[in-house]
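Residue-level structure breakdown
Residue-level listing of the chains:
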Amino acid sequence: MASSAVRVDLDGKPINQLTICMIGAGGFIGSHLCEKILNETQHKILALDVYNDKIKHLLEPDSLSWAGRIQFHRINIKHDSRLEGLIKMSDLTINLAAICTPADYNTRPLDTIYSNFVDALPVVKYCSENGKRLIHFSTCEVYGKTIGSFLPKDSPLRQDPAYYMLKEDASPCIFGSIEKQRWSYACAKQLIERLVYAEGAENGLEFTIVRPFNWIGPRMDFIPGVDGPSEGVPRVLACFSNALLRREPLKLVDGGESQRTFVYIKDAIEAVLLMIENPSRANGHIFNVGNPNNEVTVRQLAEMMTAVYANVSGEPALEEPTVDVSSKEFYGEGYDDSDKRIPDMTIINRQLGWNPEDISVGLA
């Protein structure tokens, strides 16, 4: 329950109550962010989304301690005239709305581009024109491929982490060829970042850009045929969970050699709350939110999840717990991928003092 004591920011100054317009509040990140804000602060939320299944427990009943501090507005931001009015009513807008499932990037590239760029344009415009602060959620995928991935296989430089570390203010954004439509998502996200940054430079928009690095946790995805459609391919954690529940081998795309750095959602949301409540430290910055110490290959993740599930369920692991599949077979034509995603944490640590925990807690 939120304390009635006066909250202070990182500089010891009292934090004023905010009205937050949260676009995409009904999704994975939005639902956890709503919970944290309602439980730990006195801020008010205008929750915008098409669905509210993941936040129903926050909306009903009226006897909840935060009743009156959250309002749900069923809105599709593509074509709803109420959007600007709700942004005007708020002190801060957080835009989480996106198509962000890898299986969609090369099979639904038009929807992906429209969702992540075109549909976000009015949000940026209304915030800029009305002098409202914006926290825009981007993705670590804007970095694309690392410089290290282009080095010769036998180059000793491949052992140098400097060629793989991704820095907000220095790393180039390197994508695949146009025919590799998997990059439609990253390209759209990068372009909207550039627009937000330009609005800040030319028109004084107060903004913060968030680049999540593989956040995981409850409500992040669906299990096909259990709590979501029977068809479709969710993200890796849900794919592996689905296989474990059905006692099927975990499918490793292209051998599961891609490397990722996973972060538990509760850790990540702590970083976002620091951005919300410390505008003087967060405005004008792009933040990596990840954990370079949690790097694993997708194959290692499969092994970790198999071990954790066997311990939790009491069921022995399959004799052959994994099976290799090609990316073309799994995702379809036009798929490509980044090799490594290791976030540099210098800026977020300097500005907000945030450091994440080990991933083993979140996996269990």
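Residues numbered from 1 in each chain as written. Predicted model: local features only at pLDDT ≥ 70, side-chain atom pairs only at ≥ 80, totals over all residues. Heavy atoms only, no water.

**Overview of the overall build of the chain**
Scanning the chain from terminus to terminus reveals 14 helices and 15 strands. For 364 residues, the compact-globule formula gives about 21 Å, and the C-alpha radius of gyration of the chain, at 21 Å, lands near that figure. For the chain, the spread of C-alpha atoms along the principal axes amounts to about 55 × 45 × 40 Å. Per-residue burial for the chain yields a buried fraction of 51% across its 364 residues. Within the chain, contacts between residues at least 6 apart in sequence are counted, and of these 79% link residues at least 24 apart. Just so you have it, the chain exposes about 17,100 Å², and 51% of that area is on carbon and sulfur atoms. The average position of the 37 basic charges and that of the 48 acidic charges among the side chains of the chain differ by 3 Å. (Helix = DSSP H or I, 4+ residues; strand = E, 2+ residues; numbered from the N terminus. Rg over C-alpha atoms; globule rule 2.2 N^0.38 Å. Buried < 20%, exposed > 50% of the residue type's maximum accessible area, 1.4 Å probe, protein only. Contact = heavy atoms within 4.5 Å. Areas by Shrake-Rupley, 256 points an atom, 1.4 Å probe, with all protein chains shown as cover. Lys, Arg positive; Asp, Glu negative; His and termini not counted. Charge placed at Lys NZ, Arg CZ, Asp CG, Glu CD.)

**Remarks on the pairing of strand 4 (residues 92-95)**
Of the two faces of strand 4, the one holding L92 and I94 and the one holding T93 and N95 are both buried throughout. By the bridge criterion, four bridges tie strand 1 (residues 19-23) to strand 4 in an arrangement that is parallel. Opposite I23, over in strand 4, you have N95 as the bridge partner. In terms of strand pairing, strand 4 meets strand 5 (residues 133-137) through four bridges, oriented parallel. Across the sheet, L92 pairs through a bridge with R133, a residue of strand 5. (Pairing = 2+ DSSP bridges.)

**Some thoughts on helix 9 (residues 265-277)**
Taking 1.5 Å per residue, 13 residues should reach 18 Å; helix 9 reaches 18 Å between its end C-alpha atoms and fits that length. Along helix 9, the positions that sit buried rather than exposed are I265, D267, A268, I269, A271, V272, L273, L274, M275, I276 and E277. (Expected span 1.5 Å × (residues − 1).)

**A word on unusual backbone geometry**
One non-glycine residue, R247, lies in positive phi territory at about 55°. Relative to the helices and strands, R247 is located in the loop between helix 8 (236-245) and strand 9 (250-253). For D254, which is not glycine, the phi dihedral falls at a positive 50°. The residue D254 is located in the loop between strand 9 and strand 10 (259-261) in this model.

**Concerning the nonpolar core**
One finds I94, W215, M275, I276 and V289 to be the most contacted residues of the largest nonpolar core, which totals 56 residues. No other element matches the nine residues that helix 9 contributes to this core. In this view, W215 contacts F28, I29, F137, V210, M220, V263, I265, A268, I269, V272 and V289; residues no more than four positions away in its chain are not counted. Formed by 23 residues, the second largest nonpolar core is a distinct cluster that contains I77, L86, A120 and L134. (Core = buried A, V, L, I, M, F, W, Y, C linked by side-chain atoms within 4.5 Å.)

**Some points on the pattern of salt bridges**
On inspection of all chains with the given rule, the structure shows 16 salt bridges. Ionic pairing is found between R182 and E141, a salt bridge with its closest N-O pair at 2.7 Å. Highlighted residues: R182 in the loop between strand 6 (165-166) and helix 7 (184-203) and E141 in the loop between strand 5 and strand 6, separated in sequence by 41 residues. E141 shares its class with R182; the two are buried. Of the charged contacts, one joins R211 and E193 as a salt bridge, the two residues approaching to 2.6 Å between their closest N and O atoms. Of this pair, R211 sits in strand 7 (residues 207-212) while E193 is found in helix 7, placing the two residues 18 residues apart along the sequence. For the residue pair R211 and E193, the accessibility class agrees, reading buried in each case. Salt bridges sharing partners connect three or more residues here, namely E35, R219 and K266. (Salt bridge = Lys/Arg side-chain N within 4 Å of Asp/Glu carboxyl O.)

**Notes on a nonpolar patch on the surface**
A contiguous nonpolar patch, built from L110, I113, Y114 and V118 and spanning about 360 Å² of accessible area, is present on the exposed surface. Among the structural elements, L110 can be located in helix 5 (residues 109-116). By relative accessible area, L110 is classed as exposed at 59%. (Patch = residues over 30% accessible without salt bridge, like charges linked within 9 Å, V, L, I, M, F, W, Y side chains within 5 Å.)

**Looking at the packing of aromatic side chains**
Using the criterion set out here, one finds five aromatic pairs in the structure. Relative to W215, the ring of F137 lies with its centre 6.0 Å away and its plane at 90°, an arrangement referred to as edge-to-face. Linking F137 in strand 5 with W215 in strand 8 (residues 215-216), this pair joins segments that are 78 residues apart in sequence. Classification of F137 by relative accessible area gives buried; the value is 3%. Residue classification places W215 among the buried residues on the basis of a relative accessible area of 6%. (Phe/Tyr/Trp six-rings, centres within 6.5 Å; stacked < 30°, edge-to-face > 60°.)

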